[in-house]
Amino acid sequence: MRIVAIREASIRLQGDVANAVVSFAEHDVSLVALVTDVIRNGRPVTGFAFDSIGRFAQGGILRDRILPRLRAAKDVDLLDESGGAFDAAKVLAAGMRNEKPGGHGDRAAAMGAIELAVWDLNAKLADEPACETIARTFGRPSPDRRTSAYAAGGYYYPEDGPGRLRDEFAAYRDQGFTAFKMKIGGAPLADDLARIEAALSVAGAGANLAVDANGRFDLETALACGDAIAPYGLRWYEEIGDPLDYDLNRRIAEAYPGAIATGENLFSAIDVKNLLLFGGMRSGRDLFQMDPGLAYGLTEYGRMLAAMEAHGFERRQAVPHGGHLINLHAVIGLGLGGCECYPGVFQPFGGYPPACMLGDGMVRATDAPGFGLEEKDNLRPELARLAPEAF
Ligand SMILES: [Mg+2]
């Protein structure tokens, strides 16, 4: 068994939304395909994945560094001991050959796309949903294929206002979501408080609404905002300052009574270890949002979970950034605390097909082999363009 073609395409995100720091109008995502010589129903078994959302496509790093190394690797060096599946850790090691430790940056997303495609591929080879493959490989029982999910949206738009935000969240509620997340920090505090009030008119209790500052705040601004929002009893206060400023995170954790969440911009297990040691995160309360698609894939993500558990935190405190099908399978397969979903933004990658929606804040993985990306109507054409022989 061998991989006969590896391809990458940069796909532009649809829409013109912004958080407190970046506009996504110019953002794109790397979609990758691993085409094998295994033929089923006249078509090659092919693994697909992408590098998550928010840090651009990584075609340059893939084409110039990672893909040539994988093409040069011996086929047998990428397979597991049975020879019937690919070994994600071996693929990661081969793709990272000759790279220095530390300074993870964009290569963590580039490698993440490839590593995740291995999981889609292995699940298709086993003819099962990826959550089953993930659970088995990490030594966990076959999972209940359901989990909770919250609707992430509430970005800043060129034409914006509390009414637009209310309508957006009402649409998510009509799709079956009961918990929501919105952006803050991109407007003056008084304006953001009005936006929070508008969102709460749909979300109901503060426990149903999280806010995300996308790393915008310095300590003084963060503490002032924390004081202002504390009375709402919100679900969590997310990525408050610079992702690597663990001292700031600790000081906020000491002052803010509710849950805080961070980690989506940490790309290695060592970075997470430092957050655990120095970030003041509170066991049983605060949330970790590392994203396999931005951090070398599930092999490294497993190391992050091990670090969390070694420091007295529970995997239920892990709620990955992402909002798409790949992380839905990761959450279910690894028994994590819940899932983000982008039901309205970051198309064609964000959100799930209708068959995943169970209502009352719950979602499921379908029986589709792999991550089920082919079941997403607006993503399937992109997959077929990248690997037409698989369709
Ligand atoms: Mg965030």
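Residues numbered from 1 in each chain as written. Predicted model: local features only at pLDDT ≥ 70, side-chain atom pairs only at ≥ 80, totals over all residues. Heavy atoms only, no water.

Colleague: What is the right way to look at the coordination of the magnesium ion in this model?
Modeller: Ideal donor angles around a metal are set by the shape: a four-donor tetrahedron calls for 109.5 degrees, a six-donor octahedron for 90 or 180 degrees. Distances from the magnesium ion to its protein donors, Asp212 (OD), Glu238 (OE) and Glu264 (OE), fall within 2.0 to 2.2 Å. Binding-site remark: the magnesium ion is held by donors from one chain whose sequence spacing is D-x25-E-x25-E. Of this pair, Asp212 sits in strand 6 (residues 209-212) while Glu264 is found in the loop between strand 8 (260-262) and helix 9 (269-278), placing the two residues 52 residues apart along the sequence. A relative accessible area of 1% places Asp212 in the buried class. (Donors = N, O, S within 2.8 Å, 3.2 Å for Na, K, Ca; no water. Helix = DSSP H or I, 4+ residues; strand = E, 2+ residues; numbered from the N terminus. Buried < 20%, exposed > 50% of the residue type's maximum accessible area, 1.4 Å probe, protein only.)

Colleague: I keep staring at the domain arrangement of the protein chain and nothing clicks. Help me out?
Modeller: When the parts come together, some accessible area is lost, and that loss is often what is quoted as the size of the interface. In terms of domain boundaries, the protein chain breaks down into domain 1 (3-127 + 378-390) and domain 2 (138-375). Here domain 1 and domain 2 have C-alpha centroids that lie 24 Å from each other. Contact with domain 1, which involves 43 residues of that partner, is made by 44 residues of domain 2. In this assembly, domain 1 packs against domain 2 so that about 3700 Å² is buried in total across both faces, 69% of it on carbon and sulfur atoms. Run the count over domain 1 and domain 2 and you get 1 salt bridge. The residue Lys124 makes a salt bridge to Glu374 at a minimum N-O spacing of 2.6 Å. (Domains from an automatic or database assignment. Contact = heavy atoms within 4.5 Å. Buried area = accessible area lost by both parts, 1.4 Å probe. Salt bridge = Lys/Arg side-chain N within 4 Å of Asp/Glu carboxyl O.)

Colleague: Just checking my understanding: could you explain the UniProt feature "active site" (unreviewed entry) in the protein chain for this structure?
Modeller: Mapped onto the present numbering, the UniProt feature "active site" (unreviewed entry) falls at Lys183 and His321. Over a stretch of 139 residues, the named residues converge on one spot in the fold, their C-alpha atoms separated by at most 13.9 Å. Checked against the lining of the second largest pocket, the annotated residues reduce to Lys183 and His321. On the secondary structure map, Lys183 appears in strand 5 (residues 180-183). The exposure class of Lys183 is buried, given its relative accessible area of 4%. Sequence-distant contacts of Lys183, defined by excluding residues within four places in its chain, comprise Asn19, Gly153, Gly154, Tyr155, Tyr156, Asp192, Arg195, Asp212 and Asn214. (UniProt positions renumbered as here; feature names shortened; annotations may be inferred. 1 Å grid on protein atoms, 1.4 Å probe; cavity = no way out; pocket = protein on both sides within 12 Å on 5 of 7 lines; lining within 4 Å.)

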